[in-house]
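A structural walkthrough
The primary structure of each chain is shown beneath.
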Amino acid sequence: MSDLIQLGLSEAELERRGGLWTAREISQQPAMLRETQGLLMAGRADIEAFLKPLLAKPSLRIILTGAGTSAFAGECLAPVLSQRLGRRVEAIATTDLVCAPHLYFETATPTLLVSFGRSGNSPESVAAIELADRLVKDLNHLVITCNADGALAKYGQGPRGFTVQLPEATHDRSFAMTSSFSCMTYAALAVFSGIAGMDGRVDAIARATQSVIEQYTPVMKAAAAEGYQRVVYLGSHIFKGLARESGLKLLELTNGALVTMFDSPLGFRHGPKTIVNDKTLIVVFFSNDAYTRSYDMDLLDELRRDDAAARVIAITAQDGVGLPKSDEIEVSALAGADDAELLFPYIVAPQILAFFESLRLGLTPDKPNTSGTVNRVVQGVRIHELS
């Protein structure tokens, strides 16, 4: 075992505490984002040839789908991709598509089903594709996956499909998805926003992500040591999806020991704010858009006036928001970036917090649930025949 340091811990200690893969996969995200972009550039001609005739259809509907974290990748992207492409882009989880396909699939509407999958072997992911093929007349598949041997990857190689295969290292071996989430999200953003255009942006995104890991790992480790009992993540528009993913990471890595919640800053006032007490940590993702940011700031000001939470942390790419420096995570060199580019440096701080909360509770982050009630690839799902 080498003495390489990951998240401030040696690999020997990480292996002893059962967190080697989780720490490695959080830490590798800047490199994996660059490698993902390199693969997209290498396959750019084929990807664009597949998408061009589909995007030429004015009535094309795009569904971003997956289960769990893979579904949340779609939630982070749907609003911005809809705006950029000027068409319907919807995030609908496979767990919704499979149980009520007639409510979601439209038989006569040309559809591109974009399926995200770390392993590509979740029963719902395969079933969603099969149901879509039965119910939609004009259907194509774009698969974005981390596992070349998964069922999704093979399905995307069909006559009406295309598979974007991500770097092998993104097929996370730990229980919780980290680099798989960021790279699947990045790949879809690049594919639909312009692969060549993202080639000039990926380095800044990766550097900002690395900066958060290097500068704020001690802050997140110290926050975990405070022993909060409730953690709330808040974000507007695409950051609401990121807040949902952040809450799931904490829930997964603590084996459900901490109460987590996600919402938008505006939505939080409408009842959910009752969760706040003196054992609550609140994390707010700040938008770079001036109009949206004004609502983020209003909620932050209200939380400070309430003085009910144990602590409020702001994650921001622009100048400080008026909190003590110890409560601000400032993402470097992306003050003028589109909000979609902030997804990647923003997510690493919640991932790191979840990792250290897991260690604090005496769990093994690579496999926090030892009872077998939840698994890395979901089990126990029975797919019922659709009459």
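By convention here, each chain's residues receive numbers from 1 onward along its written sequence. Given that this is a predicted model, residues contribute local features only at a pLDDT of at least 70 and side-chain atom pairs are listed and counted only at 80 or more, while totals for whole chains, interfaces and linings are drawn from all residues. Side-chain descriptors were evaluated using all non-hydrogen atoms of the structure, hydrogens and water having been removed beforehand.

**Some words on the nonpolar core**
One broad trend across soluble globular proteins is that nonpolar side chains are buried collectively. For the purposes of this section, nonpolar cores are sets of buried Ala, Val, Leu, Ile, Met, Phe, Trp, Tyr and Cys residues that join through side-chain atoms within 4.5 Å. Relative accessibility under 20% of the residue-type maximum defines a buried residue, over 50% an exposed one, and the middle range a partly exposed one, all with a 1.4 Å probe and only protein chains included. Residues Leu112, Ile144, Phe192, Ile282 and Tyr346 are the most contacted members of the largest nonpolar core, which totals 106 residues. Top element by residues in this core is helix α16 (residues 339-360). It accounts for 14 residues. When checking whether two residues touch, look at their non-hydrogen atoms; a contact exists if any pair is within 4.5 Å. The contact partners of Leu112, leaving out residues within four places of it in the chain, are Phe50, Leu51, Leu54, Leu60, Arg61, Ile62, Ile63, Asn140, His141, Leu142 and Phe192. Ala127, Ala128, Leu131 and Leu135 belong to the second-largest nonpolar core, a separate cluster that totals 16 residues. Under the DSSP-based scheme used, a helix requires at least four consecutive residues in state H or I and a strand at least two consecutive residues in state E, with every element numbered from the N terminus.

**Some points on helix α2 (residues 20-27)**
Among the eight residues in α2, six count as buried, and that is most of the element. Residues Leu20, Thr22, Ala23, Glu25, Ile26 and Ser27 constitute the buried set of α2.

**Here's the deal with the sheet that holds strand β7 (residues 161-165)**
At least two bridges found by DSSP between two strands is the condition for calling them paired. Read from one edge of the open sheet, five strands run β4-β3-β5-β6-β7, paired in parallel fashion. What marks the edges here is a single partner per strand, and that holds for β4 (89-91) and β7. Put simply, the sheet's adjacent strands are angled 15 degrees from each other on average, direction ignored. Set on the sheet, helix α4 (residues 44-55) makes contact with β3 (61-65), β5 (111-117), β6 (139-145) and β7; between it and β7 the angle comes to about 140 degrees. Structural elements are reduced to axes, namely lines fitted to C-alpha atoms, with helices fitted over the stretch in contact, and the angle between N-to-C directions of any two is expressed from 0 to 180 degrees.

**A look at the environment of Arg88**
Residue placement: Arg88 occurs in the loop between α5 (69-85) and β4. The class of Arg88 is partly exposed, set by a relative accessible area of 37%. Residues Arg88 and Arg61, spaced 27 residues apart in sequence, show a C-alpha to C-alpha distance of 5.2 Å. The contact partners of Arg88, leaving out residues within four places of it in the chain, are Leu60, Arg61, Ile62, Ser82, Glu106 and Thr109. Here Glu106 takes part through its side chain, which lies 2.9 Å from a polar atom of the side chain of Arg88. As used in this structure description, the phrase polar contact means that two N or O atoms lie within 3.5 Å; if the pair is within protein, one of them must be able to donate a hydrogen and the other to accept it, and residues adjacent in sequence are counted only when both atoms belong to side chains.

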